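# Breakdown of the fold
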Amino acid sequence: MPMKLSNIKYYLSQSFKSVIRNGLMSFTSIFTVTCCLIILGIFLLMSINVTYIADQVQNQCEIQAFVKDGASSEEVSKIGAEIKNLHNIREAVLFTKHDALQYMREIFGENASALDGLEKDNPFRDSYKITLNDLALSADVIAAVGAIDGVEKVENKQSLMENIFSVTTAIKYSSFWIMLILGIVSIFIIANTIKLAVFSRRKEINIMKFVGATDWFIRWPFIIEGIIIGFIGGLLAFSLISWGYMLAMSSISSYNLDMFRLKVYSDIWLQLLMVFFGLGALIGAAGSFLSIRKHMQV
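Structural notes, computed from the coordinates. (Residues numbered from 1 in each chain as written. Predicted model: local features only at pLDDT ≥ 70, side-chain atom pairs only at ≥ 80, totals over all residues. Heavy atoms only, no water.)

### So, the overall build of the protein chain
For clarity, the threshold we go by: Numbered from the N terminus, helices here are DSSP runs of H or I no shorter than four residues, and strands are runs of E no shorter than two. Between buried and exposed lies partly exposed: a residue is buried under 20% and exposed over 50% of the maximum accessible area for its type, with that area taken using a 1.4 Å probe on protein chains only. Contacts are assigned to residue pairs with any non-hydrogen atoms lying within 4.5 Å of each other. Exposure was quantified through the Shrake-Rupley algorithm and a 1.4 Å probe, taking into account, for residues, occlusion by the shown protein chains and nothing else.
Tallying secondary structure elements over the protein chain gives nine helices and four strands in all. Ordered by position from the N terminus, the helices and strands of the protein chain form the series α-α-β-α-β-α-β-α-β-α-α-α-α. Within the protein chain, buried positions represent 38% of all 298 residues. Within the protein chain, residue pairs in contact and separated by at least 24 positions form 85% of the contacts whose partners lie at least 6 positions apart. Accessible surface computed for the protein chain: about 17,200 Å², of which carbon and sulfur atoms make up 64%.

### What to know about the packing of aromatic side chains
The cut-off we apply is this: The pairing test for Phe, Tyr and Trp rings, Trp by its six-membered ring, is centres within 6.5 Å, and the orientation test on the planes gives stacked under 30 degrees, edge-to-face over 60, and tilted for anything in between. Charges are assigned to positions over rings by a cutoff of 6 Å between ring centre and Lys NZ or Arg CZ, combined with an angular limit of 35 degrees from the ring normal.
In total, this model carries four aromatic pairs according to the counting rule given. When the centroid spacing of 6.4 Å and the interplanar angle of 20° are considered together, the rings of Phe-27 and Phe-31 count as stacked. Here Phe-31 and Phe-27 lie together in helix α2 (residues 23–60), a separation of four residues that amounts to about one turn. Plain terms: the ring middles of Phe-231 and Phe-277 are 4.6 Å apart, the flat faces sit at 40° to each other, and that makes the pair tilted. Of the two residues, Phe-231 is situated in helix α8 (residues 215–253) and Phe-277 in helix α9 (residues 265–295); the sequence distance between them amounts to 46 residues. Residue Phe-231 is classed as partly exposed on the basis of its relative accessible area of 38%. Each member of the aromatic cluster is reached from another via a ring pair, and the members are Phe-231, Phe-238, Phe-276 and Phe-277. Directly above the ring of Phe-95 sits Lys-129, whose terminal nitrogen or CZ lies 4.1 Å from the centroid.

### A look at the nonpolar core
Where we set the bar: What makes a nonpolar core is a set of buried Ala, Val, Leu, Ile, Met, Phe, Trp, Tyr and Cys residues whose side-chain atoms join them at distances within 4.5 Å.
Counting 17 residues, the largest nonpolar core has Leu-37, Leu-45, Ile-241, Ile-268, Leu-272 and Phe-276 as its most contacted members. When residues of this core are traced back to their parent elements, those giving at least two are α2, α6 (158–200), α8 and α9. Ranked by residues supplied to this core, first place goes to α2 with seven residues. Residues in contact with Leu-37, not counting those within four places in the same chain, are Gly-233, Gly-234, Ala-237, Phe-276, Leu-279, Gly-280 and Ile-283. Core analysis: the next-biggest nonpolar cluster, separate from the first, contains 16 residues, Ala-92, Val-141, Val-145 and Val-151 among them.

### Looking at a nonpolar patch on the surface
Using the following cut-off: Residues with no salt bridge and a relative accessible area higher than 30% make up the patches, which join like charges within 9 Å and nonpolar side chains (Val, Leu, Ile, Met, Phe, Trp, Tyr) within 5 Å. Counted as salt bridges are all cases of a side-chain nitrogen of Lys or Arg within 4 Å of a carboxyl oxygen of Asp or Glu.
On the surface, Tyr-173, Phe-176, Trp-177, Leu-180, Ile-184 and Phe-188 cluster together into a nonpolar patch covering about 660 Å² of accessible area. Note on placement: Leu-180 falls in helix α6. Judged by relative accessible area, which is 38%, Leu-180 ranks as partly exposed.

### Details of the pattern of salt bridges
On inspection of all chains with the given rule, the structure shows three salt bridges. Its salt-bridge partner being Arg-125, residue Glu-152 comes within 2.6 Å of it at the nearest N-O pair. Placement of Glu-152 in strand β4 (residues 151–155) and of Arg-125 in the loop between α4 (97–108) and β3 (127–132) is noted, with a sequence separation of 27 residues between them. Note that Lys-153 and Glu-155 form a salt bridge whose closest N and O atoms lie 3.2 Å from each other.

### Points about the pairing of strand β1 (residues 63–67)
As a reminder of what qualifies: The pairing criterion for strands is at least two bridges between them, as found by DSSP.
Burial analysis of β1 places five of its five residues in the buried class, the great majority of the element. Burial of the side chains of β1 extends over both faces: Ile-63, Ala-65 and Val-67 are buried on one face and Gln-64 and Phe-66 on the other. Of the strand pairs in this sheet, β1 and β4 are connected by four bridges, and their pairing is antiparallel. The residue of β4 that forms the bridge with Phe-66 is Lys-153.

So, to be careful, I would describe these as geometric facts and stop short of saying anything about function.
Below, the structure written as structure tokens:
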């Protein structure tokens, strides 16, 4: 039932008074919600960054298809076109014999002179470096590429791809269940806090009911009280998680790990803010409503 504008001031004043009146229990509820949301936030950040890192690794986990020795430029181009037409192909880039020789020179460094003379009789082969849209379907792509006429062999990092996909999936599922369990725990803690508020005001509630106050007029202050508790817990959790994440980013950046990068804070702060405030308010409202429904006789 929607609140009337004229009653909002009364609801808010009663809610804040009740939060202060139940000081210890309110503090306990806020502390519990904050702790639960911090743990939830840690798993949320893990899920976000594992997915982000998996995308980075996916771009680096290339399938390399080697063309048969002696293939003409037309045949090489045809093979490339067939690869690009396959399902789940993000990109297929030609890596020529010359590119392979130059790459080996970079690896040899100061000893690159050992490769002199190979330009005329290049032992390397043309190949295509292939990146995928979905790592989970890499086996199908490898089989399809290997079946293309003119492809001699396909090298891949299938085991690495499968491990990355398994870890990403496991963290996403575990994060969901942990978030759900922590949310339920917070709801019951808040429900107990609101139950105490209902019990302490039972005489006032009976009088209000006797003079004709509706059920929702009586319930709204308790629901808003739960939302306030959840909102404060969400604000504290957001502040602590944000500080911790920026500190972690600063520490990690000192190691110059170019291969794996975490999401920058500016890209995720709004998402974190919405999650913490939204879940905090939702948990608070759910806890209040549960307590009122079960314990307040109006």
